[in-house]
Amino acid sequence: VVTFETLPKFDIGSFEDISVERPVAQVADEDIETALQSLAERAQEFEDKSDGAKAEPGDKLTIDFVGKLEGEAFEGGTGGDVDLVLGAGTFIPGFETQLEGAAAGEQRLVKVRFPDDYAAKTLAGKDAEFDVTVKSVAAPKKLGLDEELAKKYGFESFDAMKAAVRGNLEADFDKASRDKMKRALLDALDSRYSFDLPDSLVEQEFSNIWSQHEQESKRTGQPLAEEGKSEEETKAEFRKIAERRVRLGLVLAEIGKNAGVKVEEKDLTDALVERVRMFPGQEKAVWDYYRNNEQALAQLRAPIYEERVVDHLAKLIKIADKTVSREELFKEDEE
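Now for a description of the structure that goes with this document. Small disclaimer: the values here were computed from a predicted structure and weren't measured. (Residues numbered from 1 in each chain as written. Predicted model: local features only at pLDDT ≥ 70, side-chain atom pairs only at ≥ 80, totals over all residues. Heavy atoms only, no water.)

1. A word on helix α6 (residues 265-277)
To keep it simple, the criterion reads: Each helix is a run of DSSP H or I of at least 4 residues and each strand a run of E of at least 2, with the numbering of both proceeding from the N terminus. Each residue after the first adds 1.5 Å to the expected span of a helix. Under the scheme applied here, a residue whose accessible area is under 20% of the maximum for its type counts as buried, over 50% as exposed, and between as partly exposed, the area being computed with a 1.4 Å probe on protein chains only. The criterion used for residue contact is that any of the two residues' heavy atoms lie within 4.5 Å.
An ideal rise of 1.5 Å per residue puts 18 Å on 13 residues; α6 measures up with 18 Å between its terminal C-alpha atoms. The set of residues buried in α6 consists of Asp267, Leu268, Leu272 and Val276. At its buried positions, α6 is contacted by α7 (283-291) and α8 (294-314).

2. Description of the packing of helix α3 (residues 158-192) against helix α5 (residues 231-259)
Formally: Working convention: axes come from line fits to C-alpha atoms, limited for helices to the stretch in contact. Angles between N-to-C directions cover 0 to 180 degrees. Note on terminology: angles under 35 degrees are roughly parallel, angles over 145 are roughly antiparallel, angles of 65 to 115 are roughly perpendicular, and the others are oblique. Residue polarity is assigned by list, with Asp, Glu, Lys and Arg as charged and Ala, Val, Leu, Ile, Met, Phe, Trp, Tyr, Cys and Pro as nonpolar; anything else, Gly included, falls into the polar class.
Relative to each other, α3 and α5 sit at 95 degrees, their axes nearing to 10 Å. Here α3 is positioned roughly perpendicular relative to α5, judged by the angle of their axes. Across the interface between the two elements, Arg183, Leu186, Asp187, Leu189 and Asp190 of α3 pack against Arg244, Arg247, Leu248 and Leu252 of α5. In terms of residue class, the contact of α3 with α5 is made up of 4 nonpolar, no polar and 5 charged.

3. Description of the nonpolar core
Generally speaking, a soluble globular protein has its nonpolar side chains buried in company with each other. Worth spelling out the cut-off: Here, the term nonpolar core denotes a set of buried Ala, Val, Leu, Ile, Met, Phe, Trp, Tyr and Cys residues that are joined through side-chain atoms within 4.5 Å.
By size, the foremost hydrophobic cluster in this structure holds 24 residues, and its most contacted members are Phe15, Leu189, Tyr193 and Leu313. Counting residues per element, the ones that place at least two in this core are α3, α5 and α8. When residues in this core are grouped by element, the largest group, 6 residues, is from α5. Setting aside chain neighbours within four positions, we find Phe15 in contact with Leu189, Arg192, Tyr193, Ile255, Leu313, Leu316 and Ile317.

4. Some details on the packing of α6 against α8
Stated precisely, the cut-off is as follows: Left-handed describes a crossing in which the near helix is turned anticlockwise from the far one by less than a right angle; the clockwise case is right-handed.
Packing of α6 against α8 brings their axes to within 10 Å, and their N-to-C directions diverge by 120 degrees. Taken together, the axis directions place α6 and α8 in an arrangement best described as oblique. Relative to α8, the crossing made by α6 is right-handed. On α8, the residues touching Asp267, Leu268, Ala271, Leu272 and Arg275 of α6 are Leu297, Leu300, Arg301, Ile304 and Arg308.

5. What to know about a negative patch on the surface
Threshold: Residues enter patches when their relative accessible area tops 30% and they take part in no salt bridge; the joining distance is 9 Å for like charges and 5 Å for the nonpolar side chains Val, Leu, Ile, Met, Phe, Trp and Tyr. The method behind every accessible area is Shrake-Rupley, applied with a 1.4 Å probe, and residues are considered shielded solely by the protein chains displayed. A pairing counts as a salt bridge when a side-chain nitrogen of Lys or Arg comes within 4 Å of a carboxyl oxygen of Asp or Glu. Lys and Arg are tallied as positive, Asp and Glu as negative. Neither His nor the chain termini are counted. Here the site of a charge means NZ on Lys, CZ on Arg, CG on Asp, or CD on Glu.
A contiguous patch of negative charge, built from Asp146, Glu147, Glu148 and Asp159, is present on the exposed surface. Take Asp159: it is sitting in helix α3. Judged by relative accessible area, which is 59%, Asp159 ranks as exposed.

6. Some words on the packing of aromatic side chains
Where we set the bar: Two aromatic rings from Phe, Tyr or Trp, using only the six-membered ring of Trp, form a pair when their centres are within 6.5 Å; if the ring planes differ by under 30 degrees the pair is stacked, by over 60 it is edge-to-face, and anything between is tilted.
Throughout the structure, instances matching the rule amount to 14 aromatic pairs. Summarising the aromatic geometry, the rings of Phe65 and Phe91 are spaced 6.0 Å apart at their centres and angled 80 degrees between planes, so their arrangement reads as edge-to-face. Placement of Phe65 in strand β3 (residues 60-69) and of Phe91 in the loop between β4 (72-85) and β5 (107-113) is noted, with a sequence separation of 26 residues between them. Here the aromatic rings of Phe74 and Phe114 are separated by 6.0 Å at their centres, their planes lie at 80 degrees, and the arrangement is edge-to-face. Of the two residues, Phe74 sits in strand β4 while Phe114 sits in the loop between β5 and β6 (127-140), which places them 40 residues apart along the sequence.

7. Quick look at the environment of Gly125
By the secondary structure assignment, Gly125 is in the loop between β5 and β6. Expressed as a C-alpha distance, the spacing of Gly125 and Ser14, which sit 111 residues apart in the sequence, is 58 Å. Look past the residues within four positions of Gly125 in its chain and what remains in contact with it is Arg113, Phe114, Pro115 and Asp116.

8. Quick notes on the pattern of salt bridges
Within the structure shown, the criterion is met by 32 salt bridges. One network of salt bridges, in which partners are shared, links Arg178, Lys182, Glu306, Glu307 and Asp311.

9. Topic: unusual backbone geometry
One can expect most non-glycine residues to show negative phi and most peptide bonds to be in trans. A positive phi angle, close to 55 degrees, is found at Glu70, a residue other than glycine. Along the chain, the position of Glu70 falls in the loop between β3 and β4. Judged by its relative accessible area of 83%, Glu70 is exposed. You will see that Asp81, though not glycine, has its phi angle at about 55 degrees, which is positive. When you line up the elements, Asp81 lands in strand β4.

In structure tokens form, the structure reads like this:
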């Protein structure tokens, strides 16, 4: 006796009756100004203050420090020649403010309490002391949105830099619009089709999702159960997500098959190049891994195929553009 699963058969039908909204927003001059200001801050330069000058918010301090819990130095609590911009909020709350007014060569005892949700659970919620030596104090130079800034980023002129920033922002806005449209389309497809799902596919997808959730839980120290729910209730919610993904995967695969959608070799190569760039120094090993592992290559191919099917469907359904604000465009979906 042989028992095996088969993929469900279902009628795709037509898509002319599907209508979705596509939120769109225009890139405003203030958006470009904000982006340019951010780039200027990243390229911020500092100059040493005179001897005895006191540190003020915005100044950059170079410090050595030793952190202690109950008088004993703890792992990861020691640093040397660390740059710290007062007011940037990059250190534990309360750390930076206690260094205001310090001068180069001064030593200070900084007392802080680690946040209750601190990533390192061995430190979360605990009181600590840091012996800090201020080695130098530097004041920020005046920021300029000008030709000099453009040259720092490799542009021929400030106008060219502004044009590039506008282009990048418009690309971000277009992607956000498409993502929202795609989500609405997938929601419509999910509610449109109902058929029995292969248990093995659902279980495999659920295992992947739950495994990622467990890893994230270990990394953050958060419980597996979502707030206000038991672990079993949380698993039930994740299983619904797995079922949705499997259902939509089968639907999109069937639509793509009927439409003759294919992933070109160039598209796959481009995706592989992008993945390889994420592992500097290991490029050849990563390239060989994907090229010699059909299953890994399929993981790169799947999202490209999905996008091609969405492109195909976008030509068949009704899409109504809706003008929204920038905030609304980039607001994350609650679900």
